Amino acid sequence: MTYRHSMTMQKQAFHQSINSQLVSRLFSSRIQNELMIHGRSRSALQYIKESNILSEVSLQLPLRDFFDSAYCYLKRNYRNEYVYKNVLAQKIVLGIHSLTTSTMLSELRAGTSKADVVVLNGTSTVYEIKSELDSFARLASQIASYQKVFDKVVVITSEERIAELKTLVPPSVGIDVLTKRYQIHTERGPVSSPEKLDQAMIFDTLRKEEYREILTKHFGSIPAVPNGRAYSVYKRLFCQLSPSVAHDEMVRILKRRTDAQLLSMYKAQLPTSLLASLFLIKFTQTQMRNFIAVLDREAEVALT
Amino acid sequence: MNTQGRKGVYFPYFRGKQFELILLREQQALLARSSFVPVIEPVTDSLNSVKKTLQSLLKSETMVSLIINPANGDLKNDGSQVERMVDEDKYVESDCFYVGYIIDSTTTIDQIRAILAKYTQVMLIHNGFALGRELSAIIDASGCNVTNLFIENQSPRLYRNHYKGNKILNRDGFKKCFLNKEYPDVESFSDLHCTYVDEGLDGFSDFLINGSEYVEAGGPASTVTIHLTFVDPELDNQMFIYHFKSDRTEGISDPGGKFLEALSKLVNVVSLDNSKILKTEAVKEYLQLFEQEHFPGLGYVKKLSMQHHLETLSDFLRPKD
């Protein structure tokens, strides 16, 4: 082995010693919640130290730049679900559409599945994320559930997996790719399939006050029933709406789960790496203001 | 009321969560009348509700034990604020108050010595501590009034034999299943309420219908289950437990409707002429909920079943003439 060769090996070994999974945990809702509520996060500091990311990024940066740099590392080495969610938040919602007409929800219930990302504008599009770290095992049942609740279904994946994915999903399902250059490329567009919509499944995606409001709008008033039976009575009533009306009402009412004004106010103040948190975390105005203040401090000081 | 010489035989062990604490406040008359001694392990870092519960129990001269070094929940690694509260609020001035202290394999003799020196009425919760002979001698020499509550699967018989008096055994009669749908319809709970005297004990304890394992908060349940205990006079007064389960066991929607499914099974059994379930106030409330088709929430349901357990044991232990 030449001297030069062994140096490269060493360098590689050094690089591999960064624990990507720990780095990715910095972007978990838990850490961001801690920063919003307590203005610091000991567990973040612990992940940073244990992950060895400090061999690439300095804690003397402002916290916002630290997050961006850590995210840059993930983008290159460990594209987990968060990276996909963040790029979707960035390019779809803040790009093409405006926040007053469109929004994004995460972890929305659809039958026995939970939708990774749902984009709501004039209609609904669900994005199922299959990063290079995810398995395709549950895909068929996920798609079947999603088509009963949402207008369009898109699976977003990495370049290497397009071919395999094409053999697995029906033609009505769109395929997006997160390219190596970190762009979203549409391999094929989704086709809406309104005939598959199912009012009962849509009903189960909604919260109590949400379906009550829709029922009041369409039926004038809603019958008073004891709360042990309310669910079944209201569900039966909801199923009298046509599937497309049920869907459109769902879109209208789900948009209210995010606050467009609040999102517009803060989108420019967050580092790119944390844009997804606008949609992934429930926050108050005070919490977001604190969060932004913390992001401007030096990372080490801010977290300790 | 003179509380000297009053001796409790039943020591229900509570993790001090919201509904447990509400139950204790609501049932203080029953607790006092039955000489029950609730043991409270605080599990949340806001102690206001615990404080309120203690004040109200002690005011009505109900005996109570508060654990100052909780092993679960928010205060797991640092119970100092509980100890501070006990000291500041001077609960120890009441005869009814026991300072609860958990001793396990990490506890040192010196730590126990310090507790026995500081307080005059202490309840040691034996949960894996092993030096029985040594500790027993220390207790005898201390002059402190010590009650020994042994967690059964952490306290072997030979270990317990070292202790001379004030021995309470905690047996967890609730056999926890991972999924609610796995519970059998009815099964054995415990017979310790009949046998504790024969076993040389001064009292008995359990975790009611919650099980010994601490759970922060249950996620949404696919199966709604109502647990209800009863004493069977035809089977030597052993205690059994019903698990009334909803018909539907999949998905998380409609907990209210699932509750009514489980409740209708409960009502069927309770309404039988030869039903062995005691018609407690809690059962009457279940019947009323069925009548109104009302779902009060899963926390409330658990509270009602705990209340029923207390009422059932109170009835069983009541001196009969």
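Residues numbered from 1 in each chain as written. Chains lettered and ligands numbered in written order. Predicted model: local features only at pLDDT ≥ 70, side-chain atom pairs only at ≥ 80, totals over all residues. Heavy atoms only, no water.

K.L.:
Residue-level account of the overall build of chain A, with values.
P.N.:
Within chain A, the regular secondary structure consists of 16 helices and 6 strands. Projecting the C-alpha coordinates of chain A onto the three principal axes gives extents of approximately 80 × 50 × 35 Å. Of all 304 residues assigned to chain A, the portion counted as buried reaches 50%. For chain A, long-range pairs separated by at least 24 residues make up 63% of all intrachain contacts whose partners lie at least 6 apart in sequence. Accessible surface, chain A: about 14,200 Å² in total, of which carbon and sulfur atoms supply 52%. A gap of 3 Å separates the mean positions of the 40 positive and 29 negative side-chain charges of chain A. (Helix = DSSP H or I, 4+ residues; strand = E, 2+ residues; numbered from the N terminus. Buried < 20%, exposed > 50% of the residue type's maximum accessible area, 1.4 Å probe, protein only. Contact = heavy atoms within 4.5 Å. Areas by Shrake-Rupley, 256 points an atom, 1.4 Å probe, with all protein chains shown as cover. Lys, Arg positive; Asp, Glu negative; His and termini not counted. Charge placed at Lys NZ, Arg CZ, Asp CG, Glu CD.)

K.L.:
Describe the sheet that holds strand β8 (residues 186-190) of chain B, naming the residues involved and giving the relevant values.
P.N.:
All names here are of chain B. Across the sheet, which stays open at both edges, the 3 strands sit in the order β8-β11-β10 with antiparallel pairing between neighbours. Sheet topology places β8 and β10 (225-232) at the edges, where each strand pairs with a single neighbour. Looking at each pair of strands side by side, their axes are set apart by 30° on average, direction ignored. The pairing of β10 with strand β11 (residues 238-245) spans 8 bridges and is antiparallel. Looking at β11, one finds that Phe230 is bridged to Phe240. (Pairing = 2+ DSSP bridges. Axes fitted to C-alpha atoms, helices over the stretch in contact; angles between N-to-C directions.)

K.L.:
Requested: an account of the sheet that holds strand β2 (residues 39-42) of chain B, with residues and values cited.
P.N.:
Residues and elements named next belong to chain B. Read around the closed barrel, 8 strands run β1-β2-β3-β4-β5-β6-β7-β9, paired in parallel fashion. Neighbour-to-neighbour, the strand axes of this sheet turn through a mean angle of 25°, independent of strand direction. Of the pairings in the sheet, the one linking strand β3 (residues 64-67) to strand β4 (residues 97-103) comprises 4 bridges and is parallel in character. Looking at β4, one finds that Val64 is bridged to Phe97. Here helix α1 (residues 18-26) sits on the sheet in contact with β1 (10-16) and β2, set at roughly 140° to β1. Those strands touched by helix α11 (residues 298-317) are β1 and β9 (203-206), and its axis lies near 170° from that of β1.

K.L.:
An account of the pattern of salt bridges is needed here, citing residue identities and associated values.
P.N.:
All names here are of chain B. All chains considered together, the criterion is met by 35 salt bridges over all chains. Residue Arg113 pairs with Asp110 through a salt bridge whose shortest N-O separation is 3.9 Å. Within this pair, Arg113 and its partner Asp110 are both found in helix α5 (residues 109-118), separated by 3 residues, close to a single helical turn. Residue classification places Asp110 among the exposed residues on the basis of a relative accessible area of 56%. Through salt bridges with shared partners, one network takes in Glu152, Arg171, Asp191 and Glu199. (Salt bridge = Lys/Arg side-chain N within 4 Å of Asp/Glu carboxyl O.)

K.L.:
Residue-level account of the packing of helix α10 (residues 208-219) of chain A against helix α12 (residues 243-254) of chain A, with values.
P.N.:
Residues and elements named next belong to chain A. Following both chains from N to C, one finds α10 and α12 inclined at 125°, their axes separated by 10 Å at the closest point. One way to sum up the angle between α10 and α12 is to call them oblique. The interaxial crossing formed by α10 with α12 has right-handed handedness. Here Glu210, Glu213, Ile214, Lys217 and His218 of α10 lie close against α12, whose contacting residues are Val245, Glu249, Met250, Arg252, Ile253 and Leu254. The class makeup of the residues in the contact of α10 with α12 is 5 nonpolar, 1 polar and 5 charged. (Parallel < 35°, antiparallel > 145°, perpendicular 65-115°, else oblique. Left-handed = near helix turned anticlockwise from the far one by under 90°. Nonpolar A, V, L, I, M, F, W, Y, C, P; charged D, E, K, R; others polar.)

K.L.:
I'd like a description of the packing of helix α9 (residues 255-271) of chain B against helix α10 (residues 281-292) of chain B, backed by residues and values.
P.N.:
The axes of two packed helices give the description: the angle between them and the distance between them. Residues and elements named next belong to chain B. The N-to-C vectors of α9 and α10 enclose an angle of 125°; their axes lie 10 Å apart at closest approach. Judged on the interaxial angle alone, α10 and α9 are oblique. Pair α9 / α10 crosses with left-handed handedness. Residues Phe259, Leu260, Leu263, Ser264, Leu266, Val267 and Val270 of α9 form the contact with α10, whose participating residues are Val283, Tyr286, Leu287, Leu289 and Phe290. Grouping the amino acids of the contact of α9 with α10 by side-chain chemistry returns 11 nonpolar, 1 polar and no charged.

K.L.:
With reference to specific residues and values, describe helix α3 (residues 48-59) of chain B.
P.N.:
All names here are of chain B. If you check α3, its first and last C-alpha atoms are 16 Å apart, about what 12 residues at 1.5 Å a residue would give, namely 16 Å. The set of residues buried in α3 consists of Val50, Thr53, Leu54, Ser56, Leu57 and Leu58. On the buried face of α3, the contacting elements are α1, α2 (28-33), β2, β3, α4 (80-89) and β4. (Expected span 1.5 Å × (residues − 1).)

K.L.:
Let's hear about the nonpolar core: which residues, and what values?
P.N.:
Leu66, Phe97, Leu124, Ile125, Leu135 and Leu310 of chain B are the most contacted members of the largest nonpolar core, which has 73 residues in total. Considering each element in turn, this core owes the most residues, 6 residues, to β4 of chain B. When sequence neighbours within four positions are dropped, the list of residues in contact with Leu66 of chain B reads Ile40, Pro42, Val50, Leu54, Val82, Met85, Val86, Phe97, Tyr98, Val99 and Gly100 of chain B. Residues Val154, Tyr182, Leu278 and Phe283 of chain A belong to the second largest nonpolar core, which totals 58 residues. (Core = buried A, V, L, I, M, F, W, Y, C linked by side-chain atoms within 4.5 Å.)

K.L.:
Can you explain the side chain of Thr157 of chain A? Please cite residues and give values.
P.N.:
Residues and elements named next belong to chain A. Locating Thr157 in the fold gives a position in strand β4 (residues 152-158). Reaching out from Thr157, the side chain makes a polar contact with the backbone oxygen of Lys130 at a distance of 2.8 Å. If near-sequence neighbours (up to four positions away) are discounted, Thr157 is found in contact with Tyr84, Lys130, Phe136, Ile162, Leu165, Asp176, Val177 and Leu178. (Polar contact = N/O pair within 3.5 Å; in protein donor to acceptor, adjacent residues only side chain to side chain.)

K.L.:
Could you give me a rundown of unusual backbone geometry, with the residues and numbers involved?
P.N.:
All names here are of chain B. Its identity as a non-glycine residue notwithstanding, Leu208 has a phi of 50°, on the positive side. Mapped onto the fold, Leu208 is located in the loop between β9 and β10. Leu208 gets classed as buried once you look at its relative accessible area, which sits at 0%. Backbone geometry places Asp254, a non-glycine residue, at a positive phi of 55°. Structurally, the position occupied by Asp254 is in the loop between β11 and α9.

K.L.:
I'd like to hear about the packing of aromatic side chains, residue by residue, with values.
P.N.:
Residue and element names in this part refer to chain A. Applying the stated criterion across every chain, the model contains 23 aromatic pairs over all chains. Aromatic side chains Phe27 and Tyr71 sit 5.8 Å apart centroid to centroid with 65° between the ring planes, which places their arrangement in the edge-to-face category. Of this pair, Phe27 sits in the loop between α2 (20-25) and α3 (29-38) while Tyr71 sits in helix α5 (residues 63-77), and the two are 44 residues apart along the sequence. Among the residues examined, Phe27 registers a relative accessible area of 4% and is labelled buried. Lying across the ring of Tyr182, Lys75 places its NZ or CZ 4.3 Å from the centre. (Phe/Tyr/Trp six-rings, centres within 6.5 Å; stacked < 30°, edge-to-face > 60°. Lys NZ or Arg CZ within 6 Å of the ring centre and 35° of its normal.)

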